[in-house]
Amino acid sequence: MNGDLLLIIDMQNVYTRGAKWECRNTAGAAQNILQLAESEKFDEVILTKFIADENAQGVWKNYNIENAAVNNDAWSNALVPELEVLAQKFSVIEKSRYSSLKDERILAACKNARRVFLTGVVAECCVLFTVFDLIDAGIYAVYVTDAVSGLNEEKERAAELTLEGLSPLHVRLMNTDEILQEK
């Protein structure tokens with residue numbers, strides 16, 4: 001294969017339509033993620049789930065207090081139903097920070113990859129933080145524009161504009177069709 005890793009960030013029910021932290025296109029992102037994960041274009045696929053750290057300190061402690069209802073709700077924290085099938089085939093790693101690279105297992109897998117393809121939620125938060133940590137670690141990132149969802153279109157576009165300023169040296173923006181057609 002080509003050494004590419006597909007990272008699926010926090011695709012949990014709390015980000016679906018009508019849920020507490022609804023993102024505008026979680027369902028569409030999930031369909032594109034499923035298509036990518038099943039394409040066999042990736043040597044490794046990792047899913048993450050944001051789970052509150054019970055021993056959080058400082059602002060994270062305050063965050064957890066403010067969001068206790070979500071943090072303690074099993075349905076909110078579960079993967080979206082469309083992607084549950086992926087949890088049977090690939091690693092699911094729980095994290096308690098915005099960036100996925102704060103977990104040593106994910107960081108090690110990313111360091112072994114030629115490129116890391118980023119998908120999931122929230123565009124302007126966990127996904128963006130992960131891109132920045134990849135760049136700081138010297139790892140090339142591919143931001144999959146139609147497999148990432150943000151709180152609204154304006155915030156999604158702001159995240160993309162930020163990353164366009166770092167492209168193509170550190171990051172590339174691609175959509176699902178471009179990835180699937182890439183040789």
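As a starting point, this report considers the structure included with it. These numbers were taken from a predicted model, which means no experiment stands behind them. (Residues numbered from 1 in each chain as written. Predicted model: local features only at pLDDT ≥ 70, side-chain atom pairs only at ≥ 80, totals over all residues. Heavy atoms only, no water.)

A few points about the nonpolar core
Okay, so step 1: Counting residues in hydrophobic clusters, the biggest one holds 57 residues, and the most contacted among them are Ile 8, Met 11, Leu 83, Val 116, Leu 118 and Tyr 143.
Okay, so step 2: Not counting residues up to four positions away in its chain, the partners in contact with Leu 83 are Ile 8, Met 11, Ala 30, Ile 33 and Leu 34. (Core = buried A, V, L, I, M, F, W, Y, C linked by side-chain atoms within 4.5 Å. Buried < 20%, exposed > 50% of the residue type's maximum accessible area, 1.4 Å probe, protein only. Contact = heavy atoms within 4.5 Å.)

Observations concerning the pattern of salt bridges
Okay, so step 1: In total, this model carries 11 salt bridges according to the counting rule given.
Okay, so step 2: For the salt bridge of Asp 10 with Lys 95, the shortest nitrogen-to-oxygen distance reads 2.9 Å. Of this pair, Asp 10 sits in the loop between strand 1 (4-9) and helix 1 (26-37) while Lys 95 sits in strand 3 (residues 91-95); the two residues are 85 residues apart in sequence, bridging distant segments of the chain. We note that Asp 10, like Lys 95, is buried.
Okay, so step 3: Between Asp 133 and Lys 102 there is a salt bridge whose closest N-O contact spans 3.3 Å. Placement of the pair is Asp 133 in helix 7 (residues 123-136) and Lys 102 in the loop between strand 3 and helix 6 (104-111), with a sequence separation of 31 residues.
Okay, so step 4: If you follow the salt bridges from partner to partner, you end up with Asp 4, Arg 114, Arg 115, Arg 172 and Glu 182 in one network. (Salt bridge = Lys/Arg side-chain N within 4 Å of Asp/Glu carboxyl O. Helix = DSSP H or I, 4+ residues; strand = E, 2+ residues; numbered from the N terminus.)

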